[in-house]
Amino acid sequence: MGEPTRREFLKTVGFVAVSAGTLSMGGSLKAACLGDGFSRKNRPNVVLVMTDDQGYGDLGCHGNNVIVTPNLDKLHAQSIRLTDFHVDPTCSPTRSALMTGHYSSRTGVWHTIMGRSLLGRDEVTMADVFSASGYSTAIFGKWHLGDNYPYRPKDRGFQDVLIHGGGGVGQGPDYWGNDYFDDTYFHNGRPEKFEGYCTDIWFDGALKFIEANKNRPFFCYIPTNAPHGPYNVADKYSKPYRDKGVKDSQANFYGMITNIDENMGRLMHRLKELDLVENTILIFMTDNGTSGDYAGGMRGKKGSEYEGGHRVPFFIRWPAGGLKGPVDVDRLTAHIDVLPTLIDLCGLKEPSGIKFDGDSLVPLLKGKAGDWSDRKLLVHSQRIEHPEKWRKSAVMTHRWRLINGKELYDIQADPAQKKEIADVNPDVVEQLRRFYERWWAVLSKEFDKYCEIVIGSDKENPTRLMSHDWHGPNPPWSQGAIRNGTQANGFWAVEIERDGTYEFELRRWPAETNAAINDTISGGNAITATQARLKVADQDLTRPVPAEAYFVKFQVKLRAGKTRLQTWFIDDNGTSRGAYYVYVKRL
């Protein structure tokens, strides 16, 4: 910590609150926020597409002769390609690093659930920076950095928001019953019913946003949930792969990518129709290694500390700025470099006093690799409540990979990481270990802290909490776990914004289901709760669960401050589980 907070950054660039959850730039400072070297009229637009669980080898242009991706292959041919580009091995950590230019652990994000996917509230995001420079900003798809205030995209610089909840369509924080087709998504905070396939809906929204903002600079972020599981896709996309002998799950996975490719074609065609190709920075990347069967010859897949878990595609095209392909850049680069690079390319006002972990890649993109010194980077996959030193980690240079602090690989000579050579290179091992030790000494001071969900704020009242964000072992994060009545419990880290009387509704099912606590839905398991318990701050209250009750309600007087919130549904045998959904309202 110790850096300027997000609030301080917004204040310095002239943002003032105009309504709950809304920020506006003070008129006298607008010009000053436009950065150097660009007028408002000639600033480049930015479209950033990031797919979910698509690996380096899941593209035709990367040598996969089974998958069909003609539009991405075309973009590959038109782009500068970063061929040694790295992200975290799972999604929320990658998203936090991409949005902030900071290592994910610095932002408070090292898991995808358990309250450890919430982006630290003081972090300045990519959308904040673009907004502060007068851009229209929007997100379409998967956020996965928090579903409550102050972690939602609308709280973090995005002016137009169309997303699903949680880490995937059909997860617990998502609208109940979503399955990729004809779903209900959250449009600027409100549930809205859509017709069609999820990926098509994200790109439909993006194209409307782009057309509406064609005469002003815009930042359009399209992080698709596909091809993340469950592998649901129309048969017309998966059948051609099954006809080739590809097994069902992989055929569906490839079919989801082919649908993404089709939408990339729509996007590129529409940019051309609107005469926006030349002055639009178009980026394609993915969030971690593949969850499919083919890792492009690398060791490991999604979640792995080995190369296949975190080396991913990165294509960037900006014809007016001289970023055209085909050109390969083989230097070591990462997600933490993207925000500093876009600040540089777009002439944005850089957040004063904030030190990025990444660097601007403009020298590499402009063909000045000779000015680029070797560097050390790291990624890791913790996926636990409190990080453990060396756990599933990779320290990287252009040549070397140190895995878990022990194994050493020469990635240039051994890209498949088959020959471990730590014993014959002790000096290299020691050098890379020292880099990690310095990193750990700085960041580990923050690992016991929580990102509290704020309740009682005018910006979100009522607040719906979901067990996805419980702190504790094995929180039920999916709708399947809710249907099954999973026996688990944990606490939410919360901050009461102001003194007052608060109403708590404890539910098994979300309100939109109109289901009673002891009901079953879609063949799930019944529970027979007879008592409900609420523990928050210094209050510990128990009430009976009436027959056919949809929820049990408590009213509690609370003082402002940080605390823990935990709940129980208990049956006559003493078996208990937490209330998966809790609706909190300041009265």
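Residues numbered from 1 in each chain as written. Predicted model: local features only at pLDDT ≥ 70, side-chain atom pairs only at ≥ 80, totals over all residues. Heavy atoms only, no water.

1. Points about the overall build of the protein chain
Under the convention used in this document: Per the convention used, a helix needs a DSSP run of H or I reaching at least four residues, while a strand needs a run of E reaching at least two, with both numbered from the N terminus. Our radius of gyration looks at C-alpha atoms and nothing else; its globule reference is 2.2 Å times the residue count to the power 0.38. Only protein chains enter the accessibility calculation, which uses a 1.4 Å probe; a residue whose area is less than 20% of its type maximum is buried, one above 50% is exposed, and one in between is partly exposed. Should any heavy atoms of two residues lie within 4.5 Å, those residues are counted as being in contact. Counted charges follow a simple rule, with Lys and Arg positive, Asp and Glu negative, and His plus the chain ends left uncounted. By convention, charge coordinates are those of NZ in Lys, CZ in Arg, CG in Asp, or CD in Glu.
Helix and strand content of the protein chain: 11 helices and 29 strands. For the protein chain, the C-alpha radius of gyration of 24 Å lies close to 25 Å, the compact-globule estimate for 587 residues. Across its three principal axes, the protein chain shows a C-alpha extent of roughly 70 × 60 × 55 Å. Here the protein chain, with 587 residues, has 61% of them falling under the buried criterion. In the protein chain, once contacts between residues fewer than 6 apart in sequence are set aside, the share between residues at least 24 apart is 68%. In the protein chain, 74 side chains carry a positive charge and 73 a negative one; their mean positions are 3 Å apart.

2. Things to note about the packing of aromatic side chains
Our working definition: Working definition: a ring pair exists when centres of Phe, Tyr or Trp rings (six-membered ring for Trp) sit within 6.5 Å. Plane angles under 30 degrees give stacked, over 60 give edge-to-face, the rest tilted.
All told, the structure shown has 28 aromatic pairs when counted by the stated rule. A ring pair is formed by Phe 130 and Tyr 135, whose centres lie 4.8 Å apart and whose planes are at 65 degrees; its orientation type is edge-to-face. A single burial state applies to Phe 130 and to Tyr 135, both of which are buried. With 6.0 Å between their ring centres and 80 degrees between their planes, Phe 209 and Phe 218 make a pair best called edge-to-face. Here Phe 209 and Phe 218 have matching classes, each one buried. Put simply, the rings of Trp 110, Trp 390, Tyr 436, Trp 439, Trp 440 and Phe 447 touch in pairs and so form one group of aromatic residues.

3. A closer look at the sheet that holds strand S15 (residues 333-334)
Condition: One requirement defines pairing of two strands: DSSP has to find at least two bridges between them.
Strands sit in the order S12-S5-S15 across an open sheet of 3 strands; the sheet is mixed. The open sheet has two free edges, formed respectively by strand S12 (311-312) and S15, since each of these has just one partner strand. Two strands pair when backbone bridges link them, and strand S5 (residues 85-86) and S12 are joined in this way by 2 bridges, in the antiparallel orientation. Paired with Phe 85 across the bridge in S12 is Val 312.

4. Thoughts on unusual backbone geometry
A cis amide bond links Tyr 149 with the next residue in sequence, Pro 150, at an omega value of 5 degrees. You can see Pro 150 is positioned in the loop between strand S6 (136-141) and strand S7 (160-163). Residues Ala 226 and Pro 227 are joined by a peptide bond in cis, for which omega reads 0 degrees. Located in the positive-phi region is Asp 275, a residue other than glycine, with phi close to 60 degrees. With respect to the helices and strands, the residue Asp 275 is situated in the loop between helix H7 (248-273) and strand S11 (280-286).

5. Some words on the state of the cysteines
The test is simple: By disulfide we mean two sulfur atoms from cysteines, separated by a distance within 2.5 Å.
Under the counting rule described, the total for this entry stands at 0 disulfides. Free of any disulfide, Cys 220 has its nearest neighbouring cysteine sulfur in Cys 346, separated by 14 Å. For Cys 220, a relative accessible area of 0% gives the class buried.

6. Let's talk about the sheet that holds strand S19 (residues 407-410)
Rules: Axis geometry follows a simple rule: fit a line to the C-alpha atoms, using only the stretch in contact for helices, then measure angles between N-to-C directions, giving values from 0 to 180 degrees.
Strand order in the open sheet formed by 4 strands is S16-S17-S18-S19, and the pairing between neighbours is antiparallel. What marks the edges here is a single partner per strand, and that holds for strand S16 (377-380) and S19. Direction aside, the axes of adjacent strands within the sheet are offset by 20 degrees on average. Inspection of the sheet shows strand S17 (residues 393-396) paired to strand S18 (residues 400-403) by 3 bridges, in the antiparallel sense. Across the sheet, the residue bridging to Met 396 is Arg 401, located in S18.

7. Observations regarding the environment of Gly 168
If you trace the backbone, Gly 168 turns up in the loop between S7 and strand S8 (184-187). For Gly 168, a relative accessible area of 5% gives the class buried. Once the C-alpha coordinates of Gly 168 and Thr 224 are considered, the two residues, 56 residues apart in sequence, prove to be 9.5 Å apart.

8. Section: helix H10 (residues 426-443)
Applicable threshold: Any helix carries an expected span of 1.5 Å times its number of residues minus one. Working definition: the arc comes from the directions between the helix axis and the C-beta atoms, pointing outward to the latter.
Between the first and last C-alpha of H10 there are 26 Å, a value that for 18 residues agrees with the 26 Å anticipated at 1.5 Å per step. Among all positions of H10, only Val 428, Val 429, Leu 432, Phe 435, Tyr 436, Trp 439, Trp 440 and Leu 443 are buried. Burial along H10 is one-sided: seen end-on, the buried residues are contained in an arc of 135 degrees. Turned more than 90 degrees from where H10 packs its buried face, Pro 426, Asp 427 and Arg 438 sit exposed. Those residues of H10 that are buried are in contact with S16, S17, S18 and S19.

9. Side note on the pairing of strand S10 (residues 218-223)
Sheet faces and side chains relate simply in a regular strand, where the side chains alternate between the two faces. Where burial is concerned, most of S10 is hidden: 6 out of the 6 residues are buried. Side chains Phe 218, Cys 220 and Ile 222 of S10 all project onto a buried face; the interleaved residues Phe 219, Tyr 221 and Pro 223 project onto the opposite face, where all are buried too.

10. A look at the confidence of the model for the protein chain
Here is the rule: One confidence number per residue, pLDDT, is output by the predictor and ranges from 0 to 100.
On average, residues of the protein chain score 93 in pLDDT, and 94% of them reach the 70 mark or higher. Considering each helix and strand of the protein chain separately, the mean pLDDT is smallest for strand S1 (residues 15-19), with a value of 38, and largest for strand S3 (residues 45-51), with 99. Throughout residues 16-37 the model reports pLDDT below 50, and contacts reaching past four residues in sequence, or to other chains, amount to 42 contacts.

11. Digging into the side chain of Asp 571
Definition in use: Each reported salt bridge corresponds to a side-chain nitrogen of Lys or Arg within 4 Å of a carboxyl oxygen of Asp or Glu. Counting of polar contacts relies on pairs of N or O atoms within 3.5 Å, with two restrictions inside protein: one atom must be capable of donating a hydrogen and the other of accepting it, and residues adjacent in sequence are counted only when both atoms are side-chain atoms.
Residue placement: Asp 571 occurs in the loop between strand S27 (561-570) and strand S28 (576-577). Put simply, Asp 571 is tucked away with no salt bridge, and the nearest opposite charge, on Arg 577, sits 5.3 Å away. Polar contacts involving the side chain of Asp 571 include one to the main-chain amide nitrogen of Asn 573, which spans 2.9 Å. Only 2.9 Å separates the side chain of Asp 571 from the backbone nitrogen of Thr 575, close enough to count as a polar contact. Among residues more than four places away in sequence, those in contact with Asp 571 are Thr 528, Ala 529 and Thr 530.

12. A few points about the packing of helix H6 (residues 235-242) against H7
Note the threshold: For this classification, under 35 degrees means roughly parallel, over 145 means roughly antiparallel, 65 to 115 means roughly perpendicular, and everything else is oblique. If you view the pair so one helix is near and one far, a crossing is left-handed when the near helix is turned anticlockwise from the far one by less than a right angle, and right-handed when it is turned clockwise.
In the contact formed by H6 and H7, the axes pass within 7 Å of each other and the chain directions differ by 125 degrees. Classified by the angle their axes make, H6 and H7 are oblique. Crossing angle aside, the handedness with which H6 passes H7 is right-handed. Residues Tyr 237, Ser 238, Tyr 241 and Arg 242 of H6 form the contact with H7, whose participating residues are Asp 248, Ala 251, Asn 252, Tyr 254, Gly 255, Thr 258, Asn 259 and Glu 262.

13. Regarding the pattern of salt bridges
Taken as a whole and judged by the stated rule, the model has 33 salt bridges. A salt bridge links Asp 287 to Arg 95; the shortest N-O distance between them is 2.9 Å. Of the two residues, Asp 287 is situated in the loop between S11 and S12 and Arg 95 in helix H3 (residues 91-100); the sequence distance between them amounts to 192 residues. When sorted by exposure, Asp 287 lands in the same class as Arg 95, which is buried.

14. So, the side chain of Asn 148
Within the secondary structure, Asn 148 sits in the loop between S6 and S7. For Asn 148, a relative accessible area of 3% puts it in the buried group. Polar contacts involving the side chain of Asn 148 include one to the main-chain carbonyl oxygen of Arg 464, which spans 2.9 Å. Apart from residues no more than four positions distant in its own chain, Asn 148 is found in contact with Asp 155, Ile 453, Glu 460, Thr 463, Arg 464, Leu 465 and Asp 469.

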